[in-house]
Amino acid sequence: MSGTLAYLLTAVGCLAGVAGVVVALVALRRSRQRPTAPTAPTATDPFRDHDADALRGDPRRLRPGDLVEIRQVTYAVRGSLHLTEGGWSWDEHLLDTADGTKRWLSVEEDPDLELVLWTAEPAATVTPGPPTVDFDGRRYRSDESGKARWTATGTTGLAPTGSVRYHDYTAPGEARLSFEKYGDADWEVARGELLRRPEVMVYPQAGPEKVG
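Residues numbered from 1 in each chain as written. Predicted model: local features only at pLDDT ≥ 70, side-chain atom pairs only at ≥ 80, totals over all residues. Heavy atoms only, no water.

A. Spotlight on the packing of aromatic side chains. In this structure the tally under the stated criterion is three aromatic pairs. Taken together, a centroid distance of 6.0 Å and an interplanar angle of 75 degrees make the contact between Trp 90 and Tyr 166 edge-to-face. With a gap of 76 residues between them, Trp 90 in strand β3 (residues 88-96) and Tyr 166 in strand β8 (residues 161-171) connect regions that are remote in the sequence. The exposure class of Trp 90 is buried, given its relative accessible area of 11%. (Phe/Tyr/Trp six-rings, centres within 6.5 Å; stacked < 30°, edge-to-face > 60°. Helix = DSSP H or I, 4+ residues; strand = E, 2+ residues; numbered from the N terminus. Buried < 20%, exposed > 50% of the residue type's maximum accessible area, 1.4 Å probe, protein only.)

Okay, structure coming up:
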């Protein structure tokens, strides 16, 4: 009787072992057949200079309350505009110094990062439209024009949302001349200077900055 019982126990153990192997093989086969979830595409530029962002801050992440140093002059970001036109978007930031000097900084990727420091020219009498515009001894050629929607944060002097018409001109030496018309207001003229990346240092004040 004891021999028969031992035999039965051994047989049951073998069957359990075989069943365990079969279950494992089935599970492995199913796992191999399970489709892999697709990887979401990324919008990050593979040639983006992450070292510059880590060392000098990321202008793409500027927001009201931050400080930015441009050519050894420190500005506070008073307000920001996020503009969209079709599939394009860019940002414009109202900068202010301790003595009240105000300028705008535009930040755009097209596809490379482009930073332009703008100075308002309220006394200018030129108007947009012609293929070329002469201003302050330089001849500017029409570059692009259109109409965009903006969303404002912080202090900009504008409504929270609205539309703006623009007409941009360029001159040799990467000089810029911009005309902007917000809503029903008159055309505003600004002269722009293209900045090199090392000329801009960002000091986030509104919270920790994340370099993507």
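B. View of the nonpolar core. Within the largest apolar cluster, 13 residues are counted, with the highest numbers of intra-cluster contacts made by Val 68, Ile 70, Leu 95, Leu 105, Leu 195 and Val 200. For this core, the elements supplying multiple residues, two or more each, are β1 (67-70), β2 (73-85), β4 (102-109), β5 (113-120) and β11 (200-203). Those residues within four positions of Val 200 in sequence are excluded, and the remaining contacts are Arg 56, Pro 59, Val 68, Glu 69, Ile 70, Leu 115 and Leu 195. (Core = buried A, V, L, I, M, F, W, Y, C linked by side-chain atoms within 4.5 Å. Contact = heavy atoms within 4.5 Å.)

C. Seen up close, unusual backbone geometry. That bond from Asp 110 to Pro 111 is cis: its omega, -10 degrees, falls within 30 degrees of zero. You can see Pro 111 is positioned in the loop between β4 and β5. Here Gln 72, not a glycine, exhibits a phi torsion of approximately 70 degrees, which is positive. Along the chain, the position of Gln 72 falls in the loop between β1 and β2. Owing to a relative accessible area of 70%, Gln 72 belongs among the exposed residues under this scheme. With a phi close to 50 degrees, Asp 136 is a non-glycine residue in the positive phi region. Looking at the element boundaries, Asp 136 is found in the loop between β6 (132-135) and β7 (138-154).

D. Representation of the environment of Glu 121 in the model. With respect to the helices and strands, Glu 121 occurs in the loop between β5 and β6. Taking the C-alpha atoms as reference points, Glu 121 and Arg 191, separated by 70 residues in sequence, lie 6.8 Å from one another. For Glu 121, the residues in contact, after removing those within four places along its chain, are Phe 135, Val 189, Ala 190 and Arg 191.

E. Examining a negative patch on the surface more closely. A cluster of acidic side chains, namely Asp 110, Asp 112, Asp 143 and Glu 144, defines a negative patch on the protein surface. With respect to the secondary-structure elements, Asp 143 resides in strand β7. Residue class for Asp 143 comes out partly exposed when judged on its relative accessible area of 47%. (Patch = residues over 30% accessible without salt bridge, like charges linked within 9 Å, V, L, I, M, F, W, Y side chains within 5 Å. Areas by Shrake-Rupley, 256 points an atom, 1.4 Å probe, with all protein chains shown as cover. Salt bridge = Lys/Arg side-chain N within 4 Å of Asp/Glu carboxyl O. Lys, Arg positive; Asp, Glu negative; His and termini not counted. Charge placed at Lys NZ, Arg CZ, Asp CG, Glu CD.)

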